[in-house]
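Observations on the three-dimensional arrangement
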Amino acid sequence: MDEKLPPDERAALFEAQRPRLRAVAYRMLGSVSEAEEAVHEAWLRYDRTDASDVQNLPGWLTTVVSRVCLNLLRGRELRREEPPEAEAGEPGPTRIPDPLLRREGVADPGQEVLLGDSVGLALMVVLESLAPAERVAFVLHDLFAVPFAEIAPLIERTAAATRRLADRARRRVQDQAPAPDPDPGRQRAAVDGFFAAARAGDLGALVAVLAPGVVLRSDGGAVRAGHPVVLAGATAVADQPVLWGGLSPFARPALVNGAAGAVAIGEGGRPLSVMAFTVVDGAIAAIEVLTDPERLAALDLSAFRG
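Being a predicted model, the structure only gives us computed values, none of them experimental.

Parameters and conventions
- Residues numbered from 1 in each chain as written.
- Predicted model: local features only at pLDDT ≥ 70, side-chain atom pairs only at ≥ 80, totals over all residues.
- Heavy atoms only, no water.
- Helix = DSSP H or I, 4+ residues; strand = E, 2+ residues; numbered from the N terminus.
- Polar contact = N/O pair within 3.5 Å; in protein donor to acceptor, adjacent residues only side chain to side chain.
- Contact = heavy atoms within 4.5 Å.
- Expected span 1.5 Å × (residues − 1).
- Buried < 20%, exposed > 50% of the residue type's maximum accessible area, 1.4 Å probe, protein only.
- Arc of directions from axis to C-beta.
- Salt bridge = Lys/Arg side-chain N within 4 Å of Asp/Glu carboxyl O.
- Pairing = 2+ DSSP bridges.
- Axes fitted to C-alpha atoms, helices over the stretch in contact; angles between N-to-C directions.

The subject of this paragraph is the side chain of Arg-76. Note that Arg-76 resides in helix α3 (residues 57-79). A polar side-chain atom of Arg-76 sits 2.5 Å from a polar atom in the side chain of Glu-34. Beyond its immediate sequence surroundings of up to four residues, Arg-76 is in contact with Leu-29, Ser-31, Glu-34, Glu-128 and Arg-135.

Okay, structure coming up:
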């Protein structure tokens, strides 16, 4: 590349890569705002760099944004308090990442590029539980096909060690984030059945629409104190009359990270929750519920009001 390219041409080259860089950063960070910040930092570094020796601009920019994300993830590790221990075999409490929302039947090209292949909220939750180097290795290799030899210098590992990190992360993803039904109709039928049973207060019907090993994660944020709540098992999840009884009357259909879900809007348009569902073989296998008032207030929910 010629370092003397006019500024508008340099900007155009970067903008062509922005959607992919945003997608990489969102998967690594689970935060839309932090992903945007990481991409902006990549632009600043590109803009002040002599790029004459860069043969592969997409790869170079991916490395830059990944390094920014890795530093942010390591900073989180330093600030994070130790979570309470989970029961043996139970998934531990994990922050629910930022959801991507849109109404069913309404196209959003920008969001579709950001999501790419299905990146459900359950998968994003599992990514939140990974160590920084594991997350970077898995995201770059498994989701963006970056060779291990190119990832290894970024995380200061050998290629073989990087492969082992990605393998370990992949096993956790496969164990804790089942692949959802690809049929949107089957997803919506299960979610509608869930809310119909919740509104009727029918515990048996609720249990029937849940997979036996269903996992519920509810994140109320710092305002509501404590770490995210995790429940496992159909009976434990169904037996939440306060949660489902309080939210189900206000639930409005939504696509959450591309899958059937709901947004609950209360009196005066106040957001109550975002609920994401993972439906497998017609049954609900995972539910993510975000009730953190601060994070809900930051979401654009205008499409779900009125």
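To continue, consider helix α8 (residues 159-176). Taking 1.5 Å per residue, 18 residues should reach 26 Å; α8 reaches 26 Å between its end C-alpha atoms and fits that length. For α8, every residue scored as buried is listed here: Ala-161, Thr-162, Leu-165, Ala-166, Ala-169 and Val-173. Relative to the axis of α8, the buried residues are bounded by an arc of 140° and lie together on one face. In this structure, α8 carries Arg-164, Gln-174 and Asp-175 as exposed residues pointing more than 90 degrees from its buried face. Buried residues along α8 sit in contact with α5 (121-128), α6 (132-144) and α7 (148-155).

Before going further, it helps to spend a moment on α6. Here α6 contains 13 residues, and its C-alpha end-to-end distance of 17 Å stays within 8% of the 18 Å for a straight helix at 1.5 Å per residue. Among the 13 residues in α6, ten count as buried, and that is most of the element. The set of residues buried in α6 consists of Pro-132, Ala-133, Glu-134, Arg-135, Val-136, Ala-137, Phe-138, Val-139, Leu-140 and Phe-144. Where α6 ends, the next residue or the one after it, Ala-145, has phi of about 55°, a positive value.

On the secondary structure map, Gly-204 appears in helix α10 (residues 203-209). In the structure, Gly-204 is positioned 34 residues away from Ala-238 in sequence and 8.5 Å away in space, judged by C-alpha atoms.

Scanning all chains against the criterion turns up 19 salt bridges. Measuring nitrogen to oxygen at the nearest pair gives 3.4 Å for the salt bridge that ties Asp-181 to Arg-186. Judged by relative accessible area, which is 9%, Asp-181 ranks as buried. For Arg-186, a relative accessible area of 38% gives the class partly exposed. Among the ionic pairs, Asp-192 bridges to Arg-188, the shortest N-O distance being 3.6 Å. Of this pair, Asp-192 and Arg-188 are both found in helix α9 (residues 184-200), four residues apart, which corresponds to roughly one turn of the helix. Among the charged side chains, a network of salt bridges with common partners joins Glu-34, Arg-76, Arg-95, Asp-98, Glu-128, Arg-135, Asp-219 and Arg-295.

Despite not being glycine, Ala-145 has its phi angle at roughly 55°, a positive value. Mapped onto the elements of the fold, Ala-145 is located in the loop between α6 and α7. Accessibility expressed as a relative area gives 64% for Ala-145, which makes it exposed. Phi is positive for Asp-281, which is not a glycine, with a value near 55°. Summarising the element assignment, Asp-281 is placed in the loop between β6 (271-280) and β7 (283-290).

Strand order in the open sheet made by the seven strands is β1-β4-β5-β6-β7-β2-β3, with mixed pairing throughout. In this open sheet, the two strands that pair with only one neighbour each are β1 (101-102) and β3 (229-232). Where α5 meets the sheet, it contacts β2 (210-219), β4 (251-256), β6 and β7, and its direction lies at approximately 65° from that of β7. Along the sheet, α9 contacts β2, β4, β5 (259-265), β6 and β7; its crossing angle with β6, the most-contacted strand, is approximately 125°.

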